[in-house]
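# Chain and residue survey
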Amino acid sequence: ISGNSGSGGYDSMGIVCNGNLNFEGSGSLYVKGGDASRNSYGIIARYDVNFKNCNIEAVASYGTQFSGGFSSESGNITFTDTTFIGKGGKSNSGCSVGVDSVAECTIKNSKVAGYADSSALNWGLYFGNVVAQNSEIIGYGAEVPSTCGSADIYCSYGIYIDGNASAYSADFEACGGSVKKSGNGSASYGLACQGDFGATACPITAYGRDSVNTSFGTFVGGNCILDYCNVYSVTESCKKAIGFSATNITINCGVYHIGCADAATSASAVHAVNELCINGGEVLADCRSANNVFAISAEKITVNSGTIVARASESAGSSCGIYGDVSVYCGDVTATGEDSAFNGNLSYVSDKCKISASDKHFSDDLTDGSLSSGAIRVPSANNAIAKTASVYYDMNGQVIYVYALADNLSYRGTTRLIAHCENPRVMFKYESSNNSVIKVED
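Residues numbered from 1 in each chain as written. Predicted model: local features only at pLDDT ≥ 70, side-chain atom pairs only at ≥ 80, totals over all residues. Heavy atoms only, no water.

Moving on, we come to the environment of Phe-172. Within the fold, Phe-172 resides in strand S16 (residues 171–175). Taking the C-alpha atoms as reference points, Phe-172 and Ile-138, 34 residues apart in sequence, are found 6.0 Å from one another. Other than its neighbours up to four places away in sequence, Phe-172 contacts Ile-137, Ile-159, Ala-167, Phe-197, Pro-203, Ile-204 and Thr-205. (Helix = DSSP H or I, 4+ residues; strand = E, 2+ residues; numbered from the N terminus. Contact = heavy atoms within 4.5 Å.)

Structure (structure tokens):
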């Protein structure tokens, strides 16, 4: 336990090592740095640090510039069969971090937990690149109070990965802190990875807390590939909310519950900048309470199998269940939105998938091939050219009309037009200028 540094810009450190540092043993170690007029550290090392068969708690106190439970300046960090807890201290205008590993961090058969304290910029866990296996990884950011001092950025991260991450059977728990100071950034992140994120058989729980600007449950700057994972990623009250975001997202089986609530400006539960590909599993995207709401949004969305439910509701502006060009080859897709269920081209193989939508599925724009909601692209058999059918229905007295405006529509397999209304007094009427275009069964 280190004493306080006193005034004059000094540091207080429990353990400091200018070379490589190794911890091994079945006992327990508690390390603490004192209050500092500059930086406070529980443990700080310049180069490589290895933890093996250890039980360690490293705690920092108040630091004017930086407060870190454990920090490595440049070396690689390895946790093996270890329980490690790092706790950062307060830093009014500076930074707080529970565990700080700026280079490569390898975690095997271990529990690593990091907790920040109230500061302008804080991280529960900060990694460069991370490789994790059969481990428990916990990161909690702290509040950024409105009273904190002037800083370059105001953010709180549960787990922050500056590079890439690869995980197998690793349990992630990440929670950002409340961000009450408005300024550059001003965001709360549960789990943030600037590079690529790959996980297999990993439970992932991520919370973005309330923020004066932006809240992310999970943010991935590169490609995100999830194999047989169970993901729960949500945000709280803010201006702009995103439950799960990445450049490209690939989901291979698993269960994914992702949501946004109480966003004042815009919200998207699942957002891929380029492509979202779903190959099995259960994806529930629920988004509400914003001026513009998209449950799922991407430039291109491909569903090869699985069950997808996209719900957008309680919007003061536009509300769309799934936004982007959608191709469904096999699977069960349900979309609901107050303005449109789908907004973009929708292609599907009719005999291998089920598509359900709210009554506002179709728009009034009937332009063939347009990107407006309601443009449905239907693949035909034998590689014949498929036409695009724009379909909508409206009420005229007590008759509901269903229009399919295209010539020589070719469908694969058996196709049925089904009309349903709970009002028994409403009739359904089918009309076609060419009876060979569409055959209505039953």
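Attention shifts here to the packing of aromatic side chains. Inspection of the entire model under this criterion finds 18 aromatic pairs. Between the aromatic rings of Tyr-157 and Tyr-189, the centroid separation amounts to 4.7 Å while the plane-to-plane angle is 15°, which identifies the pairing as stacked. Taken together, the residues Tyr-157 in strand S14 (residues 154–161) and Tyr-189 in strand S17 (residues 185–193) connect sequence positions 32 residues apart. Taking the relative accessible area as the measure of exposure, Tyr-157 reaches 9% and is therefore buried. (Phe/Tyr/Trp six-rings, centres within 6.5 Å; stacked < 30°, edge-to-face > 60°. Buried < 20%, exposed > 50% of the residue type's maximum accessible area, 1.4 Å probe, protein only.)

On to the pairing of strand S19 (residues 203–208), then. In the case of a regular strand, side chains alternate between the two sheet surfaces. On S19, burial follows the alternation: Ile-204, Ala-206 and Gly-208 on one face are buried, whereas Pro-203, Thr-205 and Tyr-207 on the facing-out side are not. In this sheet, S19 lies alongside S16 in parallel orientation, the contact comprising four bridges. Looking at the pairing, Cys-175 lines up with Tyr-207 of S19. (Pairing = 2+ DSSP bridges.)

We note that Asp-81 has phi near 50°; this positive angle belongs to a residue other than glycine. The phi angle at Tyr-228 is positive, at roughly 50°, despite the residue not being glycine. Within the secondary structure, Tyr-228 is located in strand S21 (residues 223–235). Here Tyr-228 falls in the exposed class, since its relative accessible area comes to 58%.

Quick look at the nonpolar core now. Of all hydrophobic cores here, the largest spans 82 residues; its most connected members are Phe-197 and Leu-226. Broken down by element, this core gets its largest block of residues, 23 residues, from strand S23 (residues 263–328). In this structure Phe-197 touches Ile-161, Ala-165, Phe-172, Leu-191, Ile-204, Val-220, Asn-223, Cys-224, Ile-225 and Leu-226, once residues within four positions along its chain are discounted. Judged by nonpolar contacts, the second largest core, of 16 residues, contains Ile-44, Phe-66, Tyr-157 and Phe-216. (Core = buried A, V, L, I, M, F, W, Y, C linked by side-chain atoms within 4.5 Å.)

Let us look at the pattern of salt bridges. Overall, the coordinates contain seven salt bridges when judged by the stated rule. With a shortest N-O distance of 2.9 Å, Arg-38 and Asp-11 are connected by a salt bridge. Taken together, the residues Arg-38 in the loop between strand S3 (28–32) and strand S4 (39–45) and Asp-11 in the segment before strand S1 (12–17) connect sequence positions 27 residues apart. Relative accessible area serves as the criterion here: at 25%, Asp-11 is assigned to the partly exposed category. (Salt bridge = Lys/Arg side-chain N within 4 Å of Asp/Glu carboxyl O.)

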